[in-house]
Amino acid sequence: MSHDKLARMANQIASFFATQPGADQAERVAAHLNDFWGPEMRAELKAQAAEDDSDLAPLVRDALPLI
């Protein structure tokens with residue numbers, strides 16, 4: 001899957017959880033990705049983020065270590 005598509009999808013998920021109350025938004029983003037994305041997608045997101053994470057929302061960047 002293309003980097004742009006993975007980043008866009010992850011950012012959309014982060015946008016949703018950013019509107020939710022509480023201080024555990026990054027944990028919720030990570031939980032969603034762990035529950036609903038396959039291992040290949042998660043690995044690809046992490047690999048792409050290791051190269052360049054500038055297009056990822058801060059909440060996605062915070063969630064990456066939890067994925």
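Residues numbered from 1 in each chain as written. Predicted model: local features only at pLDDT ≥ 70, side-chain atom pairs only at ≥ 80, totals over all residues. Heavy atoms only, no water.

### Some remarks on the overall build of the protein chain
Item 1. Secondary structure summary: the protein chain contains four helices and zero strands in total.
Item 2. The order of α-helices and β-strands along the protein chain, N terminus first, is α-α-α-α.
Item 3. Over its C-alpha atoms the protein chain spans a radius of gyration of 11 Å, differing by no more than 12% from the 11 Å that the globule rule assigns to 67 residues.
Item 4. Each of the three principal axes of the protein chain carries a C-alpha extent, and together these read 30 × 25 × 20 Å.
Item 5. Across the protein chain, the fraction of contacts at a sequence separation of at least 24, relative to all contacts at a separation of at least 6, is 62%.
Item 6. Of the accessible surface of the protein chain, which amounts to about 4,000 Å², a share of 55% is contributed by carbon and sulfur atoms.
Item 7. Of note, the protein chain has its 6 positive side-chain charges centred 4 Å away from the centre of its 11 negative side-chain charges. (Helix = DSSP H or I, 4+ residues; strand = E, 2+ residues; numbered from the N terminus. Rg over C-alpha atoms; globule rule 2.2 N^0.38 Å. Contact = heavy atoms within 4.5 Å. Areas by Shrake-Rupley, 256 points an atom, 1.4 Å probe, with all protein chains shown as cover. Lys, Arg positive; Asp, Glu negative; His and termini not counted. Charge placed at Lys NZ, Arg CZ, Asp CG, Glu CD.)

### Quick word on the packing of helix α1 (residues 3–18) against helix α3 (residues 39–51)
Item 1. At a closest axis distance of 10 Å, the pairing of α1 and α3 adopts a crossing angle of 100 degrees. In this view, α1 runs roughly perpendicular relative to α3, as classed from their interaxial angle. Here H3, L6, M9 and A10 of α1 lie close against α3, whose contacting residues are M41, E44, L45 and Q48. (Axes fitted to C-alpha atoms, helices over the stretch in contact; angles between N-to-C directions. Parallel < 35°, antiparallel > 145°, perpendicular 65-115°, else oblique.)

### Re the environment of E51
Item 1. Within the secondary structure layout, E51 lies in helix α3.
Item 2. For E51 and R61, which are ten residues apart along the polypeptide, the C-alpha to C-alpha distance reads 13 Å.

### Examining the packing of α1 against helix α2 (residues 25–36)
Item 1. It is at 9 Å that the axes of α1 and α2 come closest, and there the two elements cross at 135 degrees. The pairing of α1 with α2 is recorded here as oblique in orientation. In the crossing of α1 with α2, the sense of the turn from one axis to the other is right-handed. On α2, the residues that touch I13, A14, F17 and A18 of α1 are Q25, R28, V29, H32 and L33.
Item 2. Looking at the contact of α1 with α2 residue by residue, the class counts come to six nonpolar, two polar and one charged. (Left-handed = near helix turned anticlockwise from the far one by under 90°. Nonpolar A, V, L, I, M, F, W, Y, C, P; charged D, E, K, R; others polar.)

Just geometry here; none of it tells us what the structure is for.
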